Amino acid sequence: MKYKLLTPGPLTTTDSVKEQMLFDHCTWDEDYKKITRDITDKLLDLAHVNKEKYVCTLMQGSGTFGVESVLSSSIGKDEKLLILANGAYGERMTDIAKHNKINYVMYTQDYNKRHDLNKIKDILENDKDITHVSIVHSETTSGILNDIEEVGKIIKNYNKIFIVDAMSSFGGIDIPVEKYDIDFIISSANKCIQGVPGFSFIIAKKEEILKCKNKARSLSLDLYAQWETMNKDGKWRFTSPTHTVLAFNKALDELIEEGGIEKRYERYFNNNRLLINKMEKLGFKTYVDLKYQSPIITSFIYPENVGYTFKEMYSYIKQRGYAIYPGKIENINSFRIGNIGEIYEEDIIKLCDIIDEFLKGVN
Ligand SMILES: *Cc1c(COP(=O)(O)O)cnc(C)c1O
């Protein structure tokens, strides 16, 4: 039984993207290196950066590999990271810091709240050892969208290196990377560009990536070494995920055909708000306030004392063509629905009809 994914990566891709993977491409020659160069070039365009100042590096593995590559390659032994966390992905950065013995402090916030800008100022004012600050743009844990523009202004006022995990937003929400003065921004193949899993990508200031030389704590995740090899002519340092690369290149073209990030954002936004509207009518409230709610994924809270389990609802919906996502917020009974990928208004309508039907069956 086929179903569409309402999960925020992997997500539902087009048949034309999947078709690219029917070919076993060789990797050593110019054809393949050109595809890699085209991809990095297109990504830099999407990020609105000057290509003299910014570079793009692709890194094998899932999104976390990209985040770990940046943190473990850019923060030296005498440097210190401030992690702004309001969800599991922010907290994962502390896990990465611990494993790599990176000196860090964390400012945690409730999962449905943004960080207090004055508190960030206070921390930077009082802890002069901090050199780097990291934040997640779209916290996929809850669906909250953090304000990287305002946070970035403070970070830059204090002259710190600014690291953004834009995993679930890049390509779906426009991010003027140079204007926001971001030093490292990370995303992956299987999120809003709508490719399949297999690699992450890092857009970084050239000046900052050069400083990563000989700093990495790991061989395979050494960002400088990966960039240095790839930057020469498009060669990957170790075996590349060829099928994913071909699919991703096609996905990038399809993003441009759709009308670019602006149009994709519109589709995501409209579908997200339609979903929230319909779900509220069915009795489900959102966990995040609408003014902070991303157009990527939404956490819905169960009404009190429901006569069914998530598993039952999940199976009912999956048998009818859609896979939703369990919740990830402690002490709150919730589930999540993503709306990125090849998902259209008709899917949202169909999904909500299925949920309505399910609720009528249990009540
Ligand atoms: C998906 C995602 C990641 C990476 O997760 P992987 O499972 O390693 O791909 C990191 N941060 C955010 C915000 C994400 O949505």
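Basis of the calculations
- Residues numbered from 1 in each chain as written.
- Predicted model: local features only at pLDDT ≥ 70, side-chain atom pairs only at ≥ 80, totals over all residues.
- Heavy atoms only, no water.
- UniProt positions renumbered as here; feature names shortened; annotations may be inferred.
- Helix = DSSP H or I, 4+ residues; strand = E, 2+ residues; numbered from the N terminus.
- Expected span 1.5 Å × (residues − 1).
- Buried < 20%, exposed > 50% of the residue type's maximum accessible area, 1.4 Å probe, protein only.
- Pairing = 2+ DSSP bridges.
- Near = heavy atom within 4 Å.
- Polar contact = N/O pair within 3.5 Å; in protein donor to acceptor, adjacent residues only side chain to side chain.
- Nonpolar A, V, L, I, M, F, W, Y, C, P; charged D, E, K, R; others polar.
- Axes fitted to C-alpha atoms, helices over the stretch in contact; angles between N-to-C directions.
- Contact = heavy atoms within 4.5 Å.
- Domains from an automatic or database assignment.
- Buried area = accessible area lost by both parts, 1.4 Å probe.

- The chain goes by 2-aminoethylphosphonate--pyruvate transaminase in an unreviewed UniProt entry, where it is assigned to Anaerofustis stercorihominis DSM 17244.
- Comment text from UniProt for the chain, heading Cofactor (unreviewed entry), reads "pyridoxal 5'-phosphate".
- The UniProt entry for the chain carries the following text under Subunit (unreviewed entry): "Homodimer."

1. What about helix 3 (residues 63-74)?
- With twelve residues, helix 3 ought to run about 16 Å at 1.5 Å a step, and its terminal C-alpha atoms sit 17 Å apart, in line with that.
- Along helix 3, nine of the twelve residues are buried, which leaves the element largely enclosed by surrounding structure.
- Of the positions making up helix 3, those classed as buried are Gly63, Gly66, Val67, Ser69, Val70, Leu71, Ser72, Ser73 and Ser74.

2. Thoughts on the sheet that holds strand 12 (residues 297-301)
- Taking strand neighbours across the sheet as the criterion, the four strands line up as 11-12-15-14 in an open arrangement whose pairing is antiparallel. On the outer flanks of this sheet lie strand 11 (285-286) and strand 14 (325-326), each paired with one strand and no other.

3. Describing the site of the ligand
- Close contacts around the ligand come from Ser62, Gly63, Thr64, Tyr89, Arg92, Val136, Ser138, Thr140, Asp165, Met167, Ser168 and Lys191, and that covers them all.
- At 2.5 Å, a side-chain N or O of serine 62 approaches an oxygen atom of the ligand.
- At 2.8 Å, a side-chain N or O of lysine 191 approaches an oxygen atom of the ligand.
- When residues of the shell around the ligand are traced back to their parent elements, those giving at least two are helix 3 and helix 4 (88-99).
- Across the shell around the ligand, the residue classes tally to three nonpolar, six polar and three charged.

4. Remarks on the sheet that holds strand 3 (residues 81-85)
- One open sheet accounts for seven strands, arranged 2-10-9-8-5-3-4; its pairing is mixed. The sheet terminates laterally at strand 2 (54-60) and strand 4 (104-108), the two strands that pair on one side only. Neighbouring strand axes in the sheet, compared pairwise and without regard to direction, differ in orientation by 20 degrees on average.
- Two strands pair when backbone bridges link them, and strand 8 (residues 161-165) and strand 9 (residues 184-188) are joined in this way by three bridges, in the parallel orientation. Bridge pairing links valine 164 to isoleucine 185 in strand 9.
- Strand contacts of helix 8 (residues 223-233): strand 2, strand 9 and strand 10 (199-205), with the helix running at about 105 degrees to strand 2, the strand carrying the most contacts.

5. A closer look at the UniProt feature "binding site: substrate" (unreviewed entry) in the chain
- When the UniProt feature table is mapped to this numbering, "binding site: substrate" (unreviewed entry) covers Arg336.
- Along the chain, arginine 336 falls in strand 15 (residues 334-338).
- Those residues in contact with arginine 336 that sit more than four places away from it in its chain are Thr140, Thr141, Ile297, Thr298, Ser299, Ile324, Tyr325, Pro326, Gly327 and Lys328.

6. A closer look at the environment of glutamate 304
- Within the secondary structure, glutamate 304 sits in the loop between strand 12 and helix 11 (310-319).
- Along the sequence, glutamate 304 and tyrosine 104 sit 200 residues apart, while their C-alpha atoms lie 40 Å from each other.

7. Some details on the environment of proline 326
- Along the polypeptide, proline 326 turns up in strand 14.
- Here proline 326 falls in the partly exposed class, since its relative accessible area comes to 40%.
- Counting along the chain gives 129 residues from proline 326 to proline 197, while the straight-line C-alpha distance between them is 20 Å.
- Once residues within four sequence positions are removed from consideration, proline 326 is found in contact with Phe310, Ser334, Phe335 and Arg336.

8. Focus: the domain arrangement of the chain
- Considered domain by domain, the chain is made up of domain 1 (15-257) and domain 2 (260-362).
- Each of domain 1 and domain 2 was reduced to a C-alpha centroid, and the two centroids are 28 Å apart.
- Contacts between the two partners involve 27 residues from domain 1, matched on the other side by 23 residues from domain 2.
- Summed over both partners, the interface of domain 1 with domain 2 comes to about 2100 Å²; 58% of that surface belongs to carbon and sulfur atoms.
- The tally of links from domain 1 across to domain 2 stands at 13 residue pairs in polar contact (both at pLDDT 80 or more).

9. Quick notes on the UniProt feature "domain: Aminotransferase class V" (unreviewed entry) in the chain
- UniProt tags residues 66-301 as "domain: Aminotransferase class V" (unreviewed entry).
- Counting secondary structure, residues 66-301 comes out at 41% helix and 18% strand; the distance between its end C-alpha atoms is 31 Å.

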